[in-house]
Amino acid sequence: MSTVIAVILFVGVIAYALFGGADYGAGFWDLTAGGETRGHRVRELINLSLSPVWEANHTWLVFCLVTIWTGFPRAFTAITTTLYIPLGLAALGIVARGAGFAFRHALTERQAQRVSGIAFACSSVLTPFFFGTIAGGIASGRVPSAGHGDALSSWLNPTSVLGGVLAVTVCAYLAAVFLTGQAQRRADASLEHACRLRAFAAGVGGGVVALGGVYVLYSDAPRLFHQLRTVGAPLLAVSGLCGLAALILLHRGRPPVVRALAALAIATVVAGWGVAQYPYLLGTHLTIQQAAAPSATLWVLLVVSCVAAALIAPSLVLLYTLQLQRKLG
């Protein structure tokens with residue numbers, strides 16, 4: 001049962017990486033769009049794309065937090081008492097990002113809108129970076145089972161920095177792919193071309209970071225490197241092929257296919273991390289079974305997760321479908 005709950009938790013992590021990642025990546029392109037005049041059309045496309053769904057995208061984060069502190073309280077305690085600095089900074093980024101996005105639409109004074117926009121864009125880049133450093137700290141075994149690990153080296157290390165940079169590039173890539181489709185549906189050829197170039201650049205950048213990360217993991221997280229090279233290799237291969245196919249099809253104007261391939265590329269690389277981590281929840285010292293709550297709690301959590309999926313999943317599917325059909329925003 002503990003493994004079943006761990007799989008459910010990781011499904012939530014993958015969903016947040018996809019939907020929340022595209023959300024954060026839109027902020028990256030908002031930040032790099034240029035001045036008020038040059039970046040107006042890109043920012044307008046981002047606003048129209050995000051407004052109906054940006055809050056729904058982050059329900060996956062709540063799901064992940066509830067699942068880990070209920071199903072694996074020992075691991076949750078260890079993570080929060082060790083990685084409290086990046087966790088706090090990520091939480092601050094989420095608040096600043098949401099407030100900036102909301103106030104940018106509500107305020108009428110231009111300077112206030114500009115400040116709100118800067119808060120939204122900067123926090124959209126910093127928040128996924130901190131989440132990536134958290135993942136790197138966990139994966140590299142720097143979170144002790146008893147918690148209260150080193151507050152700095154647990155997330156300021158080569159694997160964590162790799163995780164942070166990779167998270168930012170992946171989010172930018174996903175967002176650019178989705179924005180390309182939005183621009184095409186709005187019949188804006190020049191904006192579609194600009195978004196396609198952004199997606200290509202972010203995809204290539206993410207691939208370069210991932211390849212460079214091989215050497216980082218080899219020296220800094222040897223156990224993780226070995227597992228990715230063996231049991232995680234098939235998933236990483238699928239990720240690489242999907243990512244390459246998405247880049248090739250970007251220039252052939254097929255956003256739905258590219259969007260599916262990009263999502264599959266990201267989902268499989270995150271799943272590869274999960275497979276490589278198994279059976280440990282923290283590094284190489286706390287297994288899923290050791291960290292799990294009592295069996296009765298896990299059964300209740302399983303039932304709640306199934307009920308939540310039955311109630312929420314259809315609503316999210318409908319929301320995203322209406323957004324893709326331009327019936328929202």
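Up top is the structure these notes are about.
Residues numbered from 1 in each chain as written. Predicted model: local features only at pLDDT ≥ 70, side-chain atom pairs only at ≥ 80, totals over all residues. Heavy atoms only, no water.

Peer 1: Go over the side chain of Thr 82, please, and point to the residues and values.
Peer 2: Its place among the elements puts Thr 82 in helix H5 (residues 73–82). Under the relative-accessibility criterion, Thr 82 is labelled buried at 0%. If we skip the residues at most four places from it in the chain, Thr 82 touches Arg 142, Val 143, Pro 144, Gly 147, His 148, Gly 149, Asp 150, Ala 151 and Ser 154. (Helix = DSSP H or I, 4+ residues; strand = E, 2+ residues; numbered from the N terminus. Buried < 20%, exposed > 50% of the residue type's maximum accessible area, 1.4 Å probe, protein only. Contact = heavy atoms within 4.5 Å.)

Peer 1: Could you give me a rundown of the packing of helix H1 (residues 2–31) against helix H7 (residues 110–139), with the residues and numbers involved?
Peer 2: Packing of H1 against H7 leaves a shortest axis separation of 8 Å and a crossing angle of 135°. Regarding the angle of H1 to H7, the classification is oblique. As for how H1 packs across H7, the hand of that crossing is left-handed. On the side of H1, the interface is formed by Tyr 16, Tyr 24, Gly 27, Phe 28, Asp 30 and Leu 31, while H7 contributes Gly 117, Phe 120, Ala 121, Cys 122, Ser 124, Val 125, Thr 127, Pro 128 and Phe 131. A per-class count over the contact of H1 with H7 returns 10 nonpolar, 4 polar and 1 charged. (Axes fitted to C-alpha atoms, helices over the stretch in contact; angles between N-to-C directions. Parallel < 35°, antiparallel > 145°, perpendicular 65-115°, else oblique. Left-handed = near helix turned anticlockwise from the far one by under 90°. Nonpolar A, V, L, I, M, F, W, Y, C, P; charged D, E, K, R; others polar.)

Peer 1: So what about the nonpolar core? Which residues, and what values?
Peer 2: The biggest cluster of nonpolar side chains holds 39 residues, and the ones touching the most others in it are Trp 29, Ile 46, Leu 50, Tyr 173, Leu 174 and Ile 266. In this structure, Ile 266 is in contact with Leu 18, Val 170, Tyr 173 and Leu 174, ignoring residues within four places of it in sequence. Formed by 26 residues, the second largest nonpolar core is a distinct cluster that contains Cys 64, Phe 72, Val 143 and Leu 301. (Core = buried A, V, L, I, M, F, W, Y, C linked by side-chain atoms within 4.5 Å.)

Peer 1: Break down the packing of aromatic side chains for me, citing the residues and quoting the values.
Peer 2: A complete count under the given rule lists 11 aromatic pairs for this structure. Ring centres 6.4 Å apart and planes at 15° place the aromatic pair Phe 19 and Trp 60 in the stacked group. Of the two residues, Phe 19 sits in helix H1 while Trp 60 sits in helix H4 (residues 59–71), which places them 41 residues apart along the sequence. Assessed through its relative accessible area of 30%, Phe 19 is described here as partly exposed. Taking 6.0 Å as the distance between ring centres and 65° as the angle between the ring planes, the aromatic pair formed by Phe 130 and Trp 155 counts as edge-to-face. Within this pair, whereas Phe 130 is found in helix H7, its partner Trp 155 is found in the loop between H7 and helix H8 (158–185), the two being separated by 25 residues in sequence. (Phe/Tyr/Trp six-rings, centres within 6.5 Å; stacked < 30°, edge-to-face > 60°.)

Peer 1: With reference to specific residues and values, describe a nonpolar patch on the surface.
Peer 2: A contiguous nonpolar patch, built from Val 62, Leu 65, Val 66 and Trp 69 and spanning about 340 Å² of accessible area, is present on the exposed surface. One can find Val 62 in helix H4. (Patch = residues over 30% accessible without salt bridge, like charges linked within 9 Å, V, L, I, M, F, W, Y side chains within 5 Å. Areas by Shrake-Rupley, 256 points an atom, 1.4 Å probe, with all protein chains shown as cover. Salt bridge = Lys/Arg side-chain N within 4 Å of Asp/Glu carboxyl O.)

Peer 1: For the pattern of salt bridges, give the residues involved together with the corresponding values.
Peer 2: All chains considered together, the criterion is met by 8 salt bridges. A salt bridge links Arg 110 to Glu 36; the shortest N-O distance between them is 3.4 Å. Placement of the pair is Arg 110 in helix H7 and Glu 36 in the loop between H1 and helix H2 (40–50), with a sequence separation of 74 residues. Of the charged contacts, one joins Glu 192 and Arg 196 as a salt bridge, the two residues approaching to 2.5 Å between their closest N and O atoms. Of this pair, Glu 192 and Arg 196 are both found in helix H9 (residues 189–220), 4 residues apart, which corresponds to roughly one turn of the helix. Here Glu 192 falls in the buried class, since its relative accessible area comes to 12%. The class for Arg 196 is buried, based on a relative accessible area of 11%. Salt bridges sharing partners connect three or more residues here, namely Asp 30, Arg 43 and Arg 104.

Peer 1: I'd love a proper account of unusual backbone geometry, names of residues and values included.
Peer 2: In this structure, Pro 279 follows Tyr 278 across a cis peptide bond, with omega equal to 5°. Mapped onto the secondary structure, Pro 279 falls in the loop between helix H12 (255–277) and strand E1 (280–282). With a phi angle near 55°, His 148 is a residue other than glycine that sits in the positive phi range. Within the element layout of this structure, His 148 appears in the loop between H7 and H8. A residue is classified by how much of its surface remains accessible, and His 148, at 63% relative accessible area, is exposed.

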